[in-house]
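Observations on chain architecture
The lines below spell out each chain.
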Amino acid sequence: MLQKTYLKTKDLCKVKFIVKPESAEKVEVLGLNSDWENSILLNKKKDGSFSAEVTLPKNTEHEFKYRIDGTEWLEEPDADKQSPNAFGSTNSVLVV
């Protein structure tokens, strides 16, 4: 799930990423700002979900994917759109 909060005084948007994979120990989001090397670690909650909040510039698009326990890749079903990638699958696309 994605939650967007646009800041009125700045050209920024706070985006909250929330995902609840089955029996995961670690969830990361990769690809924001075209950075597929440095992941953003999501915090694990008591209900088994993971979340993180990131501030991104308005009027931008970001391809991303979740990485579960360092091996499994997961798309965001609530993303604004999907984009084919070079690996034969798709990336989630966030439009802010």
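Next up on the list: the sheet that holds strand β1 (residues 2-6). Two strands in a sheet stick together by hydrogen bonds in their backbones, pointing the same way (parallel) or opposite ways (antiparallel). With respect to topology, four strands assemble into an open sheet ordered β1-β2-β6-β5, the strand pairing being antiparallel. Sheet topology places β1 and β5 (43-44) at the edges, where each strand pairs with a single neighbour. Sheet topology note: the β5/strand β6 (residues 50-57) ladder contains two bridges and is antiparallel. Paired with K44 across the two strands is F50, which belongs to β6.

One can expect most non-glycine residues to show negative phi and most peptide bonds to be in trans. With a phi close to 60°, S34 is a non-glycine residue in the positive phi region. Residue position: S34 is located in the loop between β3 (27-30) and β4 (40-41). By relative accessible area, which is 66% here, S34 ends up exposed. The backbone phi angle of N59 is positive, close to 60°, even though this residue is not glycine.

What follows covers the side chain of S51. Position of S51 among the secondary structure elements: in strand β6. Looking at S51, the relative accessible area reads 7%, which means it is buried. Apart from the residues lying within four places of it in its own chain, the contact partners of S51 are K16, F17, I18, L42, N43 and K45.

For the rest of this paragraph, the subject is the packing of aromatic side chains. One pass over the structure, following the stated rule, counts three aromatic pairs. For the ring pair F17 and F64, a centre distance of 5.3 Å and an interplane angle of 75° mean the geometry is edge-to-face. Taken together, the residues F17 in strand β2 (residues 12-19) and F64 in strand β7 (residues 61-68) connect sequence positions 47 residues apart. For the pair F17 and F64, a shared accessibility class is recorded, and that class is buried. Measuring from ring centre to ring centre gives 5.8 Å for F64 and Y66, while their planes differ by 80°; the resulting arrangement is edge-to-face. You can call F64 buried: its relative accessible area is 0%. Members of the aromatic cluster, each reached through a chain of ring pairs, are F17, F64 and Y66.

Definitions and cut-offs
Residues numbered from 1 in each chain as written. Predicted model: local features only at pLDDT ≥ 70, side-chain atom pairs only at ≥ 80, totals over all residues. Heavy atoms only, no water. Pairing = 2+ DSSP bridges. Helix = DSSP H or I, 4+ residues; strand = E, 2+ residues; numbered from the N terminus. Buried < 20%, exposed > 50% of the residue type's maximum accessible area, 1.4 Å probe, protein only. Contact = heavy atoms within 4.5 Å. Phe/Tyr/Trp six-rings, centres within 6.5 Å; stacked < 30°, edge-to-face > 60°.

Everything listed here is a matter of coordinates, which is why it stays silent on function.
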